[in-house]
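These are the residues of each chain, in order.
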Amino acid sequence: MGIGTEETWKAIRQGVSGIGRITAFDPAAFASQIAGEVKDFNPAQFIEKKEVKKMGRFIQFAIAATEFALQSSGLKVTPDVAEGVGVYIGSGIGGFEVIEREHKILLEKGPGRISPFFIPATIINLASGYVSIRTGAKGPNSATATACTSSAHAIGDSFRLIQRGFADAMICGGAEAAITPMGVGGFAAMRALSQRNDEPQRASRPWDKDRDGFVVGEGSGVLILEELEFAQRRGAPILAEVVGYGMSADAYHMTSPSEDGDGAYRVMKLALKDAGLEPSDIQYINAHGTSTDVGDKIETIAIKRVFGADTKVAVSSTKSMTGHLLGGAGGLEAGITVMAIRDQVAPPTINHENPDADCDLDYVPNVARPMAIECALSNSFGFGGTNGCLIFKRYH
């Protein structure tokens, strides 16, 4: 979609698809040959050249996204505030491409040729670790690995840390880089991926009757959360306020949600309760909306249970453009939700051409919609039945 906040958001607003044929490897033998790759990414623009080889691609994405977030916020991690600034960045899989590369080296050249940077380049908490080292942030430092809810949980947990007084500011979100032979092959083996290989830009189509699975994406979304008075003292440009966070478990199946949408229903209810809001206070939902047959139907059911069968709330899935960033999805989509509030526009669900009778909400089809958005909700659901919901409010 782009590199940097404004470039990405502009493409989202315009309903541009970022999906194309995979270029990271030859996908000819794979059932699904398409993905949402980050294009024209040069890590040397953000990281010293000698350091790049020490990091998995997901870490490189997290560092780049952090740079944009810090520039936007104007936050400087100086020694006088460093102990109050933390880092919390999640990922579902981590350095998958490094694991595959080093395993090949092991088989072909033996254990003596494995890179000494192999482990720190792959483990999930090293995105947070590197960001902390590079920024000097000495506050809470952690990472989440809750599948496709990883970065939503990282943001929500950061919200809690600030509420409890353990931090003044948190650099938080997620990153993922799983467009690899094993990553794509594994999801394809589950029959979870779209096989619309001849029309990649039309492949991700949440809630459309002709959807045939999700499209793997990659990238990172990082937010700067700050305690209000801390932000005000330094004159921070406040884009929105985090007001609610919910977590729940389906306790049902390792990959499929329960048919009544119970886990998704409860996590939205919990976030609303935490925010002290009623369903009628929400104008926009950035849905999980992956473009799978079962998932889209069940999220629709859950939204209706919370907001009412005749709800007029605007719901869109920006995964129709970005693909599914897995553990990075919640960070990117939280950022998109904040931008929707900032600019008072609901981004579209593109490729919504043939409505599914079981999916009958207002999905903001195909074209962005200027509208008043006071409060917005962002959903993330992950394998293992783990759910996260964040609520953002316009800051006055």
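Cut-offs and rules
What you see as residue numbers is a count from 1 along each chain, following the sequence as written. The model is predicted, so local features are restricted to residues of pLDDT at least 70 and side-chain atom pairs to those at 80 or more, both for listing and for counting; the totals for chains, interfaces and linings are taken over all residues. Just so you know, side-chain values use all the structure's heavy atoms and leave hydrogens and water out. With axes taken as lines fitted to C-alpha atoms, and helix axes fitted only over the stretch in contact, angles between N-to-C directions fall between 0 and 180 degrees. Numbering of helices and strands runs from the N terminus, with a helix taken as a DSSP run of H or I at least four residues long and a strand as a DSSP run of E at least two residues long. Orientation categories follow fixed angle ranges, with anything under 35 degrees roughly parallel, anything over 145 roughly antiparallel, 65 to 115 roughly perpendicular, and all other angles oblique. Should the near helix be turned anticlockwise from the far one by less than a right angle, the crossing is left-handed, and should it be turned clockwise, the crossing is right-handed. By definition in these notes, contact holds between two residues if any of their heavy atoms fall within 4.5 Å. Any residue that is not Ala, Val, Leu, Ile, Met, Phe, Trp, Tyr, Cys, Pro, Asp, Glu, Lys or Arg is counted as polar, Gly included; the first ten are nonpolar and the last four charged. Two aromatic rings, drawn from Phe, Tyr or Trp (for Trp, its six-membered ring), form a pair once their centres lie within 6.5 Å of each other, and the interplanar angle then sorts them: stacked below 30 degrees, edge-to-face above 60, tilted otherwise. Throughout, exposure labels follow a simple rule: accessible area from a 1.4 Å probe, protein chains only, divided by the maximum for the residue type, with under 20% read as buried, over 50% as exposed, and the rest as partly exposed. Two strands are said to pair when DSSP picks up at least two bridges between them. We define a salt bridge as a side-chain nitrogen of Lys or Arg found within 4 Å of a carboxyl oxygen belonging to Asp or Glu. N or O atoms closer than or at 3.5 Å make up a polar contact, with two conditions inside protein: a donor-capable atom paired with an acceptor-capable one, and, for residues adjacent in sequence, both atoms drawn from side chains. Here the expected span of a helix is defined as 1.5 Å times the quantity of residues minus one. Cavities and pockets were defined on a 1 Å grid built over protein atoms only: a cavity is a set of grid points that admits a 1.4 Å probe from which the probe cannot escape, a pocket is an open set flanked by protein on both sides within 12 Å along at least five of seven lines, and lining residues are those with an atom within 4 Å of any such point. Grid points are joined across faces, edges and corners, and a volume is the space filled by probe spheres set on the points.

## Regarding the packing of helix α10 (residues 262-275) against helix α11 (residues 293-307)
In a packed pair of helices, the relevant descriptors are the angle between the two axes and the axis-to-axis distance. At a minimum axis distance of 8 Å, the contact between α10 and α11 shows a crossing angle of 40 degrees. One finds that α10 runs oblique with respect to α11. Between α10 and α11 lies a crossing of right-handed hand. Judged by residue contacts, D262, A264, Y265, M268, K269 and L272 of α10 engage A302, I303, R305, V306 and F307 from α11. Looking at the contact of α10 with α11 residue by residue, the classes come out as eight nonpolar, no polar and three charged.

## A few points about the packing of aromatic side chains
Under the criterion given, the structure shown has seven aromatic pairs. Measuring from ring centre to ring centre gives 5.4 Å for F187 and F214, while their planes differ by 75 degrees; the resulting arrangement is edge-to-face. Highlighted residues: F187 in helix α8 (residues 181-189) and F214 in the loop between α8 and β6 (219-226), separated in sequence by 27 residues. Accessibility assignment for this pair places F187 and F214 in one class, buried. Look at W207 and Y363: their rings are 4.2 Å apart centre to centre, the planes differ by 10 degrees, and that puts the pair in the stacked class.

## Notes on the pairing of strand β5 (residues 169-176)
The buried count for β5 comes to eight of eight residues, which makes it a mostly enclosed element. Because side chains alternate across β5, one face comprises the buried residues A169, I171, G173 and A175, and the other comprises M170, C172, G174 and E176, equally buried. Pairing geometry for strand β3 (residues 85-90) and β5, over six bridges, is parallel. Across the sheet, residue V87 finds its bridge partner in β5, namely I171.

## Details of the pattern of salt bridges
On inspection of all chains with the given rule, the structure shows 23 salt bridges. Between R101 and E102 there is a salt bridge; the shortest N-O distance is 3.2 Å. Residue class for R101 comes out partly exposed when judged on its relative accessible area of 42%. When its relative accessible area of 4% is taken as the criterion, E102 is described as buried. Taking the shortest distance from any N to any O, the salt bridge between E199 and R196 comes out at 3.2 Å. Here the residues in one salt-bridge network are R196, E199, R202, R205, D208 and E353, joined through shared partners.

## Some remarks on the sheet that holds β3
Pairing is mixed across the open sheet formed by four strands, whose spatial order is β4-β3-β5-β6. The open sheet terminates on both sides in strands that have one partner only, identified here as β4 (141-142) and β6. Sheet topology places β5 next to β6; eight bridges connect them, and they run antiparallel. Its bridge partner lying in β6, G174 is registered against G221. Against the sheet, helix α6 (residues 126-135) engages β3, β4 and β5, with an angle of about 150 degrees to β3.

## Considering the environment of D281
Counting through the fold element by element, D281 comes out in the loop between α10 and β8 (284-286). Sequence-wise, D281 and K393 are 112 residues apart; in three dimensions their C-alpha atoms are separated by 9.9 Å. Engagement of the side chain of D281 in a polar contact is seen with the backbone nitrogen of E278, the distance being 2.7 Å.

## Some words on the pairing of strand β12 (residues 375-382)
Counting buried positions over the eight residues of β12 gives eight, a clear majority of the element. Neither face of β12 is exposed, since C375, L377, N379 and F381 on one face and A376, S378, S380 and G382 on the opposite face are all buried. As paired strands, β8 and β12 are joined by three bridges and run parallel to one another. Looking at the pairing, N286 lines up with S378 of β12. Pairing between β12 and strand β13 (residues 386-393): eight bridges, direction antiparallel. Looking at β13, one finds that L377 is bridged to I391. Linkage of β12 to β13, two consecutive antiparallel strands, is achieved through a turn of three residues, within which G384 is found at a positive phi near 90 degrees.

## Focus on α11
In a regular helix each residue adds 1.5 Å, so 15 residues correspond to 21 Å; α11 covers 22 Å between its end C-alpha atoms and thus fits that length. Listing the buried residues of α11 in full gives D296, I298, E299, T300, A302, I303, V306 and F307. A positive backbone phi angle near 105 degrees is found at G308, which sits one or two residues after α11.

## A look at the side chain of S17
Position of S17 among the secondary structure elements: in the loop between α1 (5-13) and β1 (20-21). Reaching out from S17, the side chain makes a polar contact with the backbone nitrogen of I19 at a distance of 3.2 Å. Polar side-chain contacts of S17 include one of 3.5 Å to the backbone oxygen of Q201. Setting aside residues up to four positions removed in sequence, S17 forms contacts with M1, Q201, M321 and I350.

## Topic: the layout of surface pockets
Approximately 660 Å³ is the volume found for the second largest pocket. Along its surface, the second largest pocket is lined by 36 residues, and T255, P257, T292, G295 and F383 are the ones closest to its centre. When residues of the lining of the second largest pocket are traced back to their parent elements, those giving at least two are α10, α11 and β12. With six residues, the top contributor of residues to the lining of the second largest pocket is α11. Taken together, the residues of the lining of the second largest pocket break down into 12 nonpolar, 16 polar and eight charged.

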